[in-house]
Amino acid sequence: MLPPDLRSAEAEAITAVQAALSGGAKGLWTVELRFEGLRILPLALRLQAALSPAQPSLRLLCPDAGATALAQRDAPDFAARIASLRDQMRLQQADGGSEGVLLLVAPSPADYEEVEQVCALHRGAVVLLNGSLEDAAVGIGSVARQRRKGFLSGWQSAYALIPSGDGALRRACPDPWELYRCDPDGYRFVAHFDQKPDAEQQALALAGEGGLGLGGNLKVMDAFIEGLRN
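Residues numbered from 1 in each chain as written. Predicted model: local features only at pLDDT ≥ 70, side-chain atom pairs only at ≥ 80, totals over all residues. Heavy atoms only, no water.

## Topic: the sheet that holds strand β7 (residues 167-172)
Reading across the sheet, the 9 strands line up as β3-β2-β4-β5-β1-β6-β7-β8-β9 and stay open at both edges, with mixed pairing between neighbours. Of all strands in the sheet, those with a lone pairing partner are β3 (82-84) and β9 (186-193), marking the two edges. Strand-to-strand twist of the sheet, defined as the mean angle between neighbouring strand axes without regard to direction, takes the value 25°. One ladder, built from 5 bridges, connects strand β1 (residues 28-33) with strand β6 (residues 156-163); its direction is parallel. Along β6, the bridge assignment pairs Leu 33 with Leu 161. The strands touched by helix α3 (residues 65-74) are β2 (59-62) and β3; relative to β3, the strand with the most contacts, the crossing angle is about 170°. (Pairing = 2+ DSSP bridges. Helix = DSSP H or I, 4+ residues; strand = E, 2+ residues; numbered from the N terminus. Axes fitted to C-alpha atoms, helices over the stretch in contact; angles between N-to-C directions. Contact = heavy atoms within 4.5 Å.)

## Concerning the pattern of salt bridges
Applying the stated criterion across every chain yields a total of 12 salt bridges. The partner of Asp 183 in a salt bridge is Arg 181, with the nearest N and O atoms 2.7 Å apart. Each member of the pair, Asp 183 as well as Arg 181, carries the same accessibility label: buried. Where salt bridges share partners, they join Arg 181, Asp 183, Asp 185 and Arg 188 into one cluster. (Salt bridge = Lys/Arg side-chain N within 4 Å of Asp/Glu carboxyl O. Buried < 20%, exposed > 50% of the residue type's maximum accessible area, 1.4 Å probe, protein only.)

## Comments concerning the packing of aromatic side chains
Two measures describe an aromatic ring pair: the distance that separates the ring centres and the angle between the ring planes. Enumeration according to the criterion identifies 3 aromatic pairs in this entry. Pairing Phe 151 with Trp 155 gives two aromatic rings, centres 5.9 Å apart and planes at 85°, and the pair type is edge-to-face. Like Trp 155, Phe 151 is buried. Arranged with centres 5.9 Å apart and planes meeting at 75°, the rings of Tyr 180 and Phe 189 form a pair that is edge-to-face. The same class applies to Tyr 180 and to Phe 189, which are both buried. Members of the aromatic cluster, each reached through a chain of ring pairs, are Tyr 112, Phe 151 and Trp 155. For Arg 148, the ring lying beneath its charged end belongs to Tyr 112, and the centroid distance is 3.7 Å. (Phe/Tyr/Trp six-rings, centres within 6.5 Å; stacked < 30°, edge-to-face > 60°. Lys NZ or Arg CZ within 6 Å of the ring centre and 35° of its normal.)

Shown next as structure tokens:
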């Protein structure tokens, strides 16, 4: 079922990321909670604190120096393991790469080159929290587009909770993707998918006869979104 509030979603995300990292091998993983008004830095710091006991070398990477300083101020106990993407690049260049787990906080398309370079020189796992690296205007040449497409296709979803106008998508590793329909009295399960469904697949599933089992009368998403702002 869909989580009823942000803390429940965080708990699901932590469990899903731990499952994704359990193999210990290099991997590129995403965590998505796509809600307007979500305060991403406090969420990232809570994830770092929750994951650190099992991943003591985990480093949190912010897109720029300003966000890095703010994170270090808000989490002094973890300040030594909070850095910017450029800080990580300098460290990798000095040491010939890096190991452990990296948690990247909401990089934008403008950060794409730095994210790609950091990942290329990292020998451990990378977790991307609410990243937005795709930009159709970047990489005009075919070679650049193919390289970009290849890098972005290498990411796997560890956790996702993505609302839409008609419903919501959820994925918690190692389970499949789940699609929920927004009914007047709550959200109900519609279908599951082995891969993330595109907009057409979602529309077809939502347009079909809903309620394919596993129905659930949950809190409306408005209440969930309100909780994200607190």
